[in-house]
Amino acid sequence: MKPLAVLGRGRANGRGGRAAGVGGFVRGPGGGALPRARSHRPRGVSCSPKRPCAGWVKQIEKRDSVLTSKNQIDRLTRPGSSYFNLNPFEVLQMDPEATDEEIKKRFRQLSILVHPDKNQDDADRAQKAFEAVDKAYKLLLDQEQKKRALDVIQAGKEYVEHTVKEKKKQLKKDGKPPIVEEDDPEVFKQAVYKQTMKLFAELEIKRKEREAKEMHERKRQREEEIEAQEKAKREREWQKNFEESRDGRVDSWRNFQANTKGKKEKKNRTFLRPPKVKMEQRE
């Protein structure tokens, strides 16, 4: 069988080397043209014999580095993580269209990476990271909560799309080319990410305000209940003491009446005393 030769624009160098030209096909055993096998490297990444697919290797290293325990713990406990971690899909680094099985698989991977038992040298932060992963997973298990998260993400995307549309409309009105920075997919994606985080943060702030208001209302109602109970208790005690002291009050009243009557009789007898007789003197 003849070896495959590259079909190109130039001629072979006569030493059994490859053609100088670049072609999309290779010569088959029967002389026919076969499609060249495609490389799986990312676009824009060049390879060379001395440095094969350098950009691709860097991308793989960058991807794999995100899977380390330290980087995941840093990501999940960074400043502002209380708001960054509100989006469960961002916590698990999953696409919103991911299936339940994919979400479950990703949760297992992350939970192992950030588990405190696996990171005893940084157990406190690992515990916080693990709690964030566990909370995000449980939220996505609840279909109602998952739908709310998807609605927020969709709202963020629609807001950015509307903003881009308004920008282009204004540029056309000003006679300028309708080109905006969000035309770049990466810039658009970042804008959606920021807007989504903003929406999640606003909802969280409203939730906390509503929770604080409800807590204050419950506290006020509880205080009113306690006050009503204390008042009823005081009334019962007063009534009880009143009943128990009734006999004593009756005896005291009778004694008072008896003493008053005796004093009146004694006082009346003093008024009935005969006047003193004054002796007459004779001259």
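Nothing here was measured: the structure is a model prediction, and the numbers come from that model. (Residues numbered from 1 in each chain as written. Predicted model: local features only at pLDDT ≥ 70, side-chain atom pairs only at ≥ 80, totals over all residues. Heavy atoms only, no water.)

### So, the overall build of the chain
Phase 1 of the analysis: Counting its secondary structure elements, the chain contains 9 helices and 2 strands.
Phase 2 of the analysis: The secondary structure elements of the chain, listed N-terminal to C-terminal, are β-β-α-α-α-α-α-α-α-α-α.
Phase 3 of the analysis: A separation of at least 24 residues holds for 47% of the contacts in the chain among residues at least 6 apart in sequence.
Phase 4 of the analysis: Summing over all exposed atoms, the chain offers an accessible surface of approximately 23,500 Å²; the carbon and sulfur share of this is 53%. (Helix = DSSP H or I, 4+ residues; strand = E, 2+ residues; numbered from the N terminus. Contact = heavy atoms within 4.5 Å. Areas by Shrake-Rupley, 256 points an atom, 1.4 Å probe, with all protein chains shown as cover.)

### A few points about the confidence of the model for the chain
Phase 1 of the analysis: Mean pLDDT for the chain: 76, with 65% of residues reaching 70 or above.
Phase 2 of the analysis: Contacts from residues 1-58, a stretch scored under 50 in pLDDT, to residues over four places away or in other chains number 59 contacts. (pLDDT = per-residue confidence, 0-100.)

### Concerning helix H6 (residues 123-141)
Phase 1 of the analysis: With 19 residues, H6 extends 26 Å from end C-alpha to end C-alpha; this agrees with the ideal 27 Å at 1.5 Å per step.
Phase 2 of the analysis: Every buried residue of H6 is accounted for by Ala126, Ala129, Ala132, Val133, Asp134, Ala136, Tyr137 and Leu140. (Expected span 1.5 Å × (residues − 1). Buried < 20%, exposed > 50% of the residue type's maximum accessible area, 1.4 Å probe, protein only.)

### Some details on the packing of H6 against helix H7 (residues 143-173)
Phase 1 of the analysis: Running from N to C, H6 and H7 point in directions that differ by 100°, and their axes come no closer than 5 Å. The angle between H6 and H7 places the two elements in the roughly perpendicular class. Residues Leu139, Leu140 and Leu141 of H6 form the contact with H7, whose participating residues are Gln143, Gln145 and Lys146.
Phase 2 of the analysis: Looking at the contact of H6 with H7 residue by residue, the classes come out as 3 nonpolar, 2 polar and 1 charged. (Axes fitted to C-alpha atoms, helices over the stretch in contact; angles between N-to-C directions. Parallel < 35°, antiparallel > 145°, perpendicular 65-115°, else oblique. Nonpolar A, V, L, I, M, F, W, Y, C, P; charged D, E, K, R; others polar.)

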